[in-house]
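Results of the structural survey
So you can see what is in the structure, the chains are spelled out below.
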Amino acid sequence: ENDCYAVDVQDEAKLTIENGTFVGNVHAVYVYQGDLTVKGGAYSIQQKYSDPAKADEFVLNCYDKHRTEGTAKIIVTGGTFEKFNPANCKAEGEAVKTLEGEKYQVVALFAGGTGTAADPFLIATSEQFKAIDQLNGAPYCFKQTADIAVADGDEVTKFAGVYDGGNQKLSSAR
């Protein structure tokens, strides 16, 4: 419904992100004017861009005019990105996001779905179950698609929404 950013870089600021969880609408991080260095953290969007071909292209994004003028820049050296590859962002062109090293990951937090009642996030593993915490208690819909023995440390501590067990078993591996 509305663009909202977890982080908005403005006024020629210089920002370095080393950790944290950043969930936005259309953009998780937006650089209007300034320099952003991403060294770590987890990045995703809950409301997708209206063009399905570009739905996940704007997780990290620069204001176009300032990007072409060279006054908005993003450098990625680490981090975890849901369905977004900062090295291959067609929305920004070839030379906007500079990758240094191999310390970033592109991940899908769940086995599928968008988190709505009609298309719930699909959970088939202990790791995907734990990924619920990365949504910081946002009220999404989930459906379990396999029996899961939750590994020690993969317990969910922040939950809101609807969890459909799908007639599958959810147990502790302890």
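Residues numbered from 1 in each chain as written. Predicted model: local features only at pLDDT ≥ 70, side-chain atom pairs only at ≥ 80, totals over all residues. Heavy atoms only, no water.

Some points on the confidence of the model for the protein chain
With 83% of its residues at a pLDDT of 70 or more, the protein chain shows a mean pLDDT of 79. Taken together, the stretch residues 94-98 has pLDDT below 50 and engages in 13 contacts with residues farther than four places along the chain or on a different chain. The model gives residues 100-104 a pLDDT under 50, and that stretch makes 15 contacts with residues more than four places away or in other chains. (pLDDT = per-residue confidence, 0-100. Contact = heavy atoms within 4.5 Å.)

Considerations on the pattern of salt bridges
If you walk through the whole model with that rule in mind, you get 3 salt bridges. We note a salt bridge from K65 to E69, for which the minimum N-O separation is 3.6 Å. Pair noted here: K65 and E69 are both in helix α1 (residues 64-69), with a separation of 4 residues, about one helical turn. For K65, a relative accessible area of 46% corresponds to the partly exposed category. Here D133 makes a salt bridge to K130, at a shortest N to O gap of 2.7 Å. A residue is classified by how much of its surface remains accessible, and D133, at 7% relative accessible area, is buried. (Salt bridge = Lys/Arg side-chain N within 4 Å of Asp/Glu carboxyl O. Helix = DSSP H or I, 4+ residues; strand = E, 2+ residues; numbered from the N terminus. Buried < 20%, exposed > 50% of the residue type's maximum accessible area, 1.4 Å probe, protein only.)

Here we look at the sheet that holds strand β1 (residues 7-9)
As summarised here, the arrangement of the 3 strands in space is β1-β4-β7, forming an open sheet in which the pairing is parallel. Single-partner strands in this sheet number two, and they are β1 and β7 (60-62). With strand direction ignored, the average angle separating the axes of adjacent strands in the sheet is 15 degrees. The pairing of β1 with strand β4 (residues 29-31) spans 3 bridges and is classified as parallel. Bridging across to β4, V9 finds its partner in V31. (Pairing = 2+ DSSP bridges. Axes fitted to C-alpha atoms, helices over the stretch in contact; angles between N-to-C directions.)

Considering the packing of aromatic side chains
Summed over the entire model, instances satisfying the criterion amount to 10 aromatic pairs. Ring geometry for F22 against Y43: centres 5.2 Å apart, planes inclined by 15 degrees, an arrangement best described as stacked. Of the two residues, F22 is situated in strand β3 (residues 21-25) and Y43 in strand β6 (residues 42-47); the sequence distance between them amounts to 21 residues. With respect to class, F22 is no different from Y43; both count as buried. Three or more aromatic residues link up through ring pairs in this structure, and these residues are F110, F121, F129, Y140, F142, F159 and Y163. (Phe/Tyr/Trp six-rings, centres within 6.5 Å; stacked < 30°, edge-to-face > 60°.)

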